[in-house]
Amino acid sequence: MYSEKVVEYFMHPKNVGRLDPADGVGEVGNPRCGDVMKIYLRVQKDRIEDIRFETFGCAAAIATSSMITEMVKGKTLEEALAVSNKDVADALGGLPPEKIHCSLLAEEGIRAAIVDYRERARNA
Ligand code: FES
């Protein structure tokens, strides 16, 4: 059902945990299952310098959370916003169709964290 890469990222996820302090935090939930993801960003000169995540969800949600943190680390915020859940699923060798909705957590989590970062920067 899952690709080898999904299993690998689920068993050994990268960038798990939190950043304290963080420059931006995004928390999103999947209305279909109630799973939750939290993303922490550290931003330097508009670039994602460090990133961590906590995901309380299924194997696909954890694997996609982990993969997206690797994909956006070092990218500018605009480049990170361009990474879609499909890009993440492709990088994992694909997801079963009924699990595609799980990858939305990853995409939406990054977006929410960037929105939070920008709001904080505006109010600083
Ligand atoms: Fe909830 Fe996958 S079943 S995110």
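Reading guide: rules and limits
Residues numbered from 1 in each chain as written. Predicted model: local features only at pLDDT ≥ 70, side-chain atom pairs only at ≥ 80, totals over all residues. Heavy atoms only, no water. Helix = DSSP H or I, 4+ residues; strand = E, 2+ residues; numbered from the N terminus. Contact = heavy atoms within 4.5 Å. pLDDT = per-residue confidence, 0-100. Patch = residues over 30% accessible without salt bridge, like charges linked within 9 Å, V, L, I, M, F, W, Y side chains within 5 Å. Areas by Shrake-Rupley, 256 points an atom, 1.4 Å probe, with all protein chains shown as cover. Salt bridge = Lys/Arg side-chain N within 4 Å of Asp/Glu carboxyl O. Core = buried A, V, L, I, M, F, W, Y, C linked by side-chain atoms within 4.5 Å. Buried < 20%, exposed > 50% of the residue type's maximum accessible area, 1.4 Å probe, protein only. Expected span 1.5 Å × (residues − 1). Pairing = 2+ DSSP bridges. Axes fitted to C-alpha atoms, helices over the stretch in contact; angles between N-to-C directions. Phe/Tyr/Trp six-rings, centres within 6.5 Å; stacked < 30°, edge-to-face > 60°. Lys NZ or Arg CZ within 6 Å of the ring centre and 35° of its normal.

*Asks:* Which residues make up the environment of Gly 94, and what are the values?
*Replies:* With respect to the secondary-structure elements, Gly 94 resides in the loop between helix 4 (85-91) and helix 5 (100-123). In sequence terms Gly 94 and Ala 106 are 12 residues apart; their C-alpha atoms lie 15 Å from each other. If we ignore the near neighbours within four places in the chain, the residues touching Gly 94 are Ser 3, Val 6 and Ala 89.

*Asks:* Before we move on, can you summarise the confidence of the model for the protein chain with the specific residues and values?
*Replies:* Confidence in the prediction of the protein chain, expressed as mean pLDDT, is 96, and 100% of residues score 70 or more. Confidence scores differ between elements of the protein chain, with helix 5 showing the lowest mean pLDDT of 95 and helix 3 (residues 77-81) the highest of 98.

*Asks:* Before we move on, could you go through a nonpolar patch on the surface and cite the residues and values that matter?
*Replies:* Nonpolar side chains collect at one region of the surface, where Val 7, Phe 10 and Met 11 lie side by side and expose about 270 Å² of accessible area between them. Within the fold, Val 7 resides in helix 1 (residues 4-11).

*Asks:* Pulling in residues and values, what's your account of the nonpolar core?
*Replies:* Ile 39, Leu 41, Val 72 and Ile 110 are the most contacted members of the largest nonpolar core, which has 32 residues in total. For this core, the elements supplying multiple residues, two or more each, are helix 1, strand 2 (36-44), strand 3 (47-56), helix 2 (59-72), helix 3, helix 4 and helix 5. For this core, the element with the highest residue contribution is helix 5, accounting for seven residues. Beyond its immediate chain neighbours, meaning those up to four positions away, Val 72 contacts Ile 48, Ile 51, Ala 80, Val 83 and Ile 110.

*Asks:* Please provide a residue-by-residue account of helix 5, values included.
*Replies:* End to end, helix 5 covers 36 Å across 24 residues, agreeing with the expected 34 Å (1.5 Å per residue, within 8%). Residues of helix 5 that are buried: His 101, Cys 102, Ser 103, Leu 105, Ala 106, Glu 107, Gly 109, Ile 110, Ala 113, Ile 114, Asp 116 and Tyr 117.

*Asks:* Just give me the short version of the sheet that holds strand 1 (residues 24-29), but keep the residues and values in it.
*Replies:* Paired through their backbone hydrogen bonds, the strands of a sheet run either parallel or antiparallel. Across the sheet, which stays open at both edges, the three strands sit in the order 1-2-3 with antiparallel pairing between neighbours. Taken across any chain shown, the strands that pair with only one partner, and hence form the sheet edges, are strand 1 and strand 3. Each strand of the sheet is rotated relative to its neighbour by a mean of 15 degrees, with strand direction disregarded. Of the strand pairs in this sheet, strand 1 and strand 2 are connected by six bridges, and their pairing is antiparallel. Paired with Gly 24 across the strands is Leu 41, a residue of strand 2. Packed onto the sheet, helix 5 meets strand 1, strand 2 and strand 3 and runs at close to 140 degrees relative to strand 1.

*Asks:* Could you give an account of the packing of aromatic side chains, naming the residues involved and the relevant values?
*Replies:* A complete count under the given rule lists zero aromatic pairs for this structure. The residue whose ring lies beneath Lys 14 is Tyr 9, and the NZ or CZ to ring-centre distance is 4.4 Å.

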